[in-house]
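# Observations on chain architecture
Next come the chains, spelled out residue by residue.
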Amino acid sequence: MKKFCSLMILALLLCIPSKTYGQEFSDIEEDHWAKAYIMSLSQEEIIAGYPDGTFRPDRYVSLLEALSIIEKIKKPDQKEIQVALKHYGKLVDSYNISPWARNAFAYALDKNIIYYSELAYSEKNGYLSDDPDLKGAYPKREDLAVYFARALELAPSYDHSNLQYKDLDQIGSALGNDLEIADYLAALVDAKIFDPKGSEGYFEADRPFRRAELCKIADLSLKYLADNN
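Note that the structure is predicted; figures quoted are calculated from it, not measured. (Residues numbered from 1 in each chain as written. Predicted model: local features only at pLDDT ≥ 70, side-chain atom pairs only at ≥ 80, totals over all residues. Heavy atoms only, no water.)

Across its full length, the protein chain holds nine helices and zero strands. Reading the helices (α) and strands (β) of the protein chain from amino to carboxyl end gives α-α-α-α-α-α-α-α-α. Residues classed as buried in the protein chain amount to 54% of the 229 residues present. Of the accessible surface of the protein chain, which amounts to about 11,300 Å², a share of 48% is contributed by carbon and sulfur atoms. (Helix = DSSP H or I, 4+ residues; strand = E, 2+ residues; numbered from the N terminus. Buried < 20%, exposed > 50% of the residue type's maximum accessible area, 1.4 Å probe, protein only. Areas by Shrake-Rupley, 256 points an atom, 1.4 Å probe, with all protein chains shown as cover.)

Here we come to helix α9 (residues 211-227). A rise of 1.5 Å per residue sets the reference length of α9, with its 17 residues, at 24 Å; its end C-alpha atoms lie 24 Å apart and thus fit the reference within 8%. In terms of residue burial, α9 counts as a mostly covered element, since 12 of its 17 residues are buried. Within the span of α9, buried status applies to Arg211, Ala212, Glu213, Leu214, Cys215, Ile217, Ala218, Asp219, Ser221, Leu222, Tyr224 and Leu225. Phi turns positive, to about 55°, at Asn229, one or two residues after α9. (Expected span 1.5 Å × (residues − 1).)

Let us now look at the nonpolar core. Counting 73 residues, the largest nonpolar core has Ile38, Leu63, Phe105, Leu185, Leu188 and Phe194 as the members making the most contacts within it. Not counting chain neighbours up to four residues away, the residues in contact with Phe194 comprise Ala145, Tyr165, Leu185, Leu188, Val189, Phe203, Phe209 and Ile217. (Core = buried A, V, L, I, M, F, W, Y, C linked by side-chain atoms within 4.5 Å. Contact = heavy atoms within 4.5 Å.)

Let's shift gears to the pattern of salt bridges. What the rule picks out here adds up to 13 salt bridges. Measuring nitrogen to oxygen at the nearest pair gives 3.2 Å for the salt bridge that ties Arg56 to Asp52. On the basis of relative accessibility, which here comes to 31%, the residue Arg56 falls in the partly exposed class. The partner of Asp93 in a salt bridge is Arg102, with the nearest N and O atoms 2.8 Å apart. A relative accessible area of 38% places Asp93 in the partly exposed class. Ionic contacts of the salt-bridge type, sharing partners, join the residues Arg141, Glu204, Arg207, Arg210 and Glu213 into one network. (Salt bridge = Lys/Arg side-chain N within 4 Å of Asp/Glu carboxyl O.)

Here we take up the packing of aromatic side chains. Counted by the stated rule, this structure contains six aromatic pairs. Their ring planes at 85° and their centres at 6.2 Å tell us that Phe194 and Phe209 sit as a pair that is edge-to-face. In this pair, Phe194 is assigned in the loop between α8 (181-190) and α9 and Phe209 in the loop between α8 and α9, connecting sequence segments 15 residues apart. On the basis of relative accessibility, which here comes to 2%, the residue Phe209 falls in the buried class. Here the aromatic cluster, defined as three or more aromatic residues joined through ring pairs, consists of Tyr165, Phe194, Phe203 and Phe209. The residue whose ring lies beneath Arg56 is Tyr50, and the NZ or CZ to ring-centre distance is 3.9 Å. Seen from the ring of Phe203, Arg141 lies directly overhead, with NZ or CZ sitting 5.0 Å from the centre. (Phe/Tyr/Trp six-rings, centres within 6.5 Å; stacked < 30°, edge-to-face > 60°. Lys NZ or Arg CZ within 6 Å of the ring centre and 35° of its normal.)

Further remarks concern the packing of helix α7 (residues 141-151) against α8. The N-to-C vectors of α7 and α8 enclose an angle of 55°; their axes lie 9 Å apart at closest approach. Between α7 and α8, the crossing angle belongs to the class labelled oblique. As for how α7 packs across α8, the hand of that crossing is left-handed. Judged by residue contacts, Glu142, Ala145, Val146, Phe148, Ala149 and Arg150 of α7 engage Ile181, Tyr184, Leu185 and Leu188 from α8. Across the contact of α7 with α8, the residue classes break down as eight nonpolar, no polar and two charged. (Axes fitted to C-alpha atoms, helices over the stretch in contact; angles between N-to-C directions. Parallel < 35°, antiparallel > 145°, perpendicular 65-115°, else oblique. Left-handed = near helix turned anticlockwise from the far one by under 90°. Nonpolar A, V, L, I, M, F, W, Y, C, P; charged D, E, K, R; others polar.)

Right, let's talk about the confidence of the model for the protein chain for a bit. Looking at the protein chain as a whole, its pLDDT mean stands at 90, while 89% of the residues score no less than 70. With pLDDT under 50 throughout, residues 16-21 is counted as low confidence; its partners more than four residues away or in other chains account for 15 contacts. (pLDDT = per-residue confidence, 0-100.)

Below is the structure:
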């Protein structure tokens, strides 16, 4: 029970305003590669640090945390949230989604960010749990790439010539439709959300996102939405 409560607190800290907004984090050095993205989202009250003053940039991000961040960068009004809950509130409750992520999850379903047909996959892999550490249940980078592309309403691109990943052949297909995940990635690269070369030339589709990495994606997505209304 204590472990469960602790994990709930950690998840909430990623997505709920705290006194650390706009302040320096003790584990983010001046030359940290993601500092500008982290501070930008902190000031926008999209992410937060921990009570001990740290940010823990290398900690993996859960699905519920990622969808909560997507909701915050999309900035739906209360009417949109109420419509989403009317459409999907009961379904969200049937999956025992934690209350802190309930609105974001319903919104993601209502806006086709995550498809109904993808819920069984997420549940099977433990992604809907408040205790992702229990089974190492963190969504893959390729899964979250799809959700961000849908949230930004990017048209999938069948031209993959802009993708320079050495492991491109290891990237799978989207669960909810017949598209290759590379179709979404090509659009994200065109929108300057994802790097065309990845990390040292690799996309690492099966690896979860770290907090610092997701901050970069979220901050660039926020700027993209501002520029594209």
